[in-house]
Amino acid sequence: MAIPIDLSGRKALVTGVTSGIGLGIARKLAEAGCEVAGCGRSAPGHPGALAFLDAAGRGGRRGRYRSCDITLPGAAGDWVASMAAELGGVDIVVSNAGRNIFAGAAACSEAEWAECMNLDLAAHWRVAQAARPHLEASRGVVLVITSNHAFSTIPGCFPYNVAKAGLVAMVQSLALEWGPAIRAVGIAPGFIDTPGNDTWFSSFPDPAEERRRTERLHPVGRLGTPGEIGALCAFLASPMAGFISGTTLVVDGGRAAAMQ
Ligand SMILES: NC(=O)c1ccc[n+]([C@@H]2O[C@H](COP(=O)([O-])OP(=O)(O)OC[C@H]3O[C@@H](n4cnc5c(N)ncnc54)[C@H](OP(=O)(O)O)[C@@H]3O)[C@@H](O)[C@H]2O)c1
């Protein structure tokens, strides 16, 4: 479905664009008229990076991709600086890159804790902090992809849920401290139909039945799509969302409404 939001000429940075939700976000921002620059750890010739360049190239614009492991010291700052220079500014940042680190509160090792807090919490702050001067100049917006695990979780998902809850607080601080020039908004997806979740379904003896069972947990009767998260990003980056800041929106097909 074409996106009825005009972000022509806006410059967007998106982390984690080689797969899943980040790729869907890049596609929708490009469809809305943005020039999009993305990163992942994958090499530029990787199929995921090529899929991003194809998505970001919609409408005749040129996507820009650079490999970057945002957990490495200085890497996020270098990536933001180089992309901002190439694009000639930044209006929109979507800090999306992340990974499920599900260890459980008893079994979680120090290494797992540190990796999760680095990737799923601190790296989002580093990306936002590096982009701040550019967003201040453009009166832009930073969107942070957290998770419905920030608000309620299931056993075994520690420390991922802790990091994602931290992002909800981070969004509040960014909105308070960097407003009014910059808006900050969190997005908390629920179960999105991504390659990672497809792999998870495949781990069951009957993947199709497990998928149907999961879909039935949602009042809308299905999983979400990366494009739906991307469309929300486009809306939140538009002037129509100018009064939305400092909050996190749950996008979970109604699942959190169920008392179970
Ligand atoms: N899928 C869901 O149902 C769901 C639900 C709630 C929240 N989320 C959140 O949504 C975000 C995207 O998840 P997804 O499901 O789309 O995952 P995904 O398909 O595994 O994609 C993750 C992306 O992040 C990149 N990435 C991972 N580690 C990185 C690092 N150290 N430096 C730079 N890039 C890195 C990956 O690129 P490379 O492989 O090239 O490094 C990839 O492009 C995550 O923050 C996740 O927690 C997902």
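A short tour of the structure in this document, coming up.

Definitions and limits used
Residues numbered from 1 in each chain as written. Predicted model: local features only at pLDDT ≥ 70, side-chain atom pairs only at ≥ 80, totals over all residues. Heavy atoms only, no water. Pairing = 2+ DSSP bridges. Helix = DSSP H or I, 4+ residues; strand = E, 2+ residues; numbered from the N terminus. Axes fitted to C-alpha atoms, helices over the stretch in contact; angles between N-to-C directions. Contact = heavy atoms within 4.5 Å. Buried < 20%, exposed > 50% of the residue type's maximum accessible area, 1.4 Å probe, protein only. Near = heavy atom within 4 Å. Polar contact = N/O pair within 3.5 Å; in protein donor to acceptor, adjacent residues only side chain to side chain. Areas by Shrake-Rupley, 256 points an atom, 1.4 Å probe, with all protein chains shown as cover. Nonpolar A, V, L, I, M, F, W, Y, C, P; charged D, E, K, R; others polar. Core = buried A, V, L, I, M, F, W, Y, C linked by side-chain atoms within 4.5 Å. Phe/Tyr/Trp six-rings, centres within 6.5 Å; stacked < 30°, edge-to-face > 60°.

Backbone-to-backbone hydrogen bonds pair the strands of a sheet. The strands run either parallel or antiparallel. The seven strands lie next to each other as β3-β2-β1-β4-β5-β6-β7, forming an open sheet whose pairing is parallel. In the strand order of this sheet, the two ends are held by β3 (64-67) and β7 (247-251), each with one partner. Pairs of neighbouring strands in the sheet enclose a mean axial angle of 15 degrees, with direction left out of account. Pairing of strand β1 (residues 11-15) with strand β4 (residues 92-95) involves three bridges; the strand directions are parallel. Residue pairing in the sheet places Ala12 in a bridge with Ile92 of β4. Across the sheet, helix α1 (residues 20-31) touches β1, β2 (35-40), β4, β5 (141-145) and β6 (183-189), and the angle it forms with β1 is around 170 degrees. Relative to β6, helix α8 (residues 226-237) is tilted by about 165 degrees, and along the sheet it contacts β4, β5, β6 and β7.

You can see Ser147 is positioned in the loop between β5 and α5 (160-178). Looking at Ser147, the relative accessible area reads 3%, which means it is buried. Beyond its immediate sequence surroundings of up to four residues, Ser147 is in contact with Tyr160, Lys164, Ile187, Ala188 and Pro189.

Okay, the site of the ligand next. Around the ligand there are 28 residues in total, and Thr18, Ser19, Arg41, Ser42 and Tyr160 lie nearest to it. Gly190 has a polar backbone atom sitting 3.3 Å from an oxygen atom of the ligand. At 3.3 Å from a nitrogen atom of the ligand is found a side-chain nitrogen or oxygen belonging to Thr194. Coverage of the ligand by the protein amounts to 87% of the 890 Å² it exposes when considered alone. Of all the elements in the fold, those that place two or more residues in the shell around the ligand are α1 and α5. Partitioned by chemical class, the residues of the shell around the ligand number eleven nonpolar, 14 polar and three charged.

Within the secondary structure, Ser95 sits in strand β4. Apart from the residues lying within four places of it in its own chain, the contact partners of Ser95 are Thr15, His124, Val127, Leu143, Val144 and Ile145.

If you look at the biggest cluster of nonpolar residues, it comprises 35 residues, and the most contacted ones within it are Leu7, Ile25, Leu29, Val36, Phe52, Ile92 and Val94. Only β1, α1, α2 (47-56), β4, β5, β6 and α8 provide two or more residues apiece to this core. If near-sequence neighbours (up to four positions away) are discounted, Ile25 is found in contact with Val14, Val94, Asn96, Ile145, Pro226, Ile229, Gly230 and Cys233. If you look at the next biggest cluster of nonpolar residues, it comprises 32 residues, including Ile70, Ala75, Leu119 and Ala184.

Next up on the list: the packing of aromatic side chains. Scanning the model with the defined rule gives seven aromatic pairs in all. A centroid spacing of 6.2 Å and a plane angle of 50 degrees characterise the contact between Phe52 and Tyr65, whose relative ring orientation is tilted. With a gap of 13 residues between them, Phe52 in helix α2 and Tyr65 in strand β3 connect regions that are remote in the sequence. The exposure class of Phe52 is buried, given its relative accessible area of 0%. Of the residues examined, Tyr65 reaches a relative accessible area of 11% and is grouped as buried. Ring centres of Trp200 and Phe201 lie 5.4 Å apart, and the angle between their planes is 55 degrees; on these two criteria the pair is classed as tilted. Take Phe201: its relative accessible area is 2%, and that puts it in the buried class. Grouping aromatic residues by their ring pairs yields a cluster made of Phe191, Trp200, Phe201 and Phe204.

So yeah, pure geometry; function would need other evidence.
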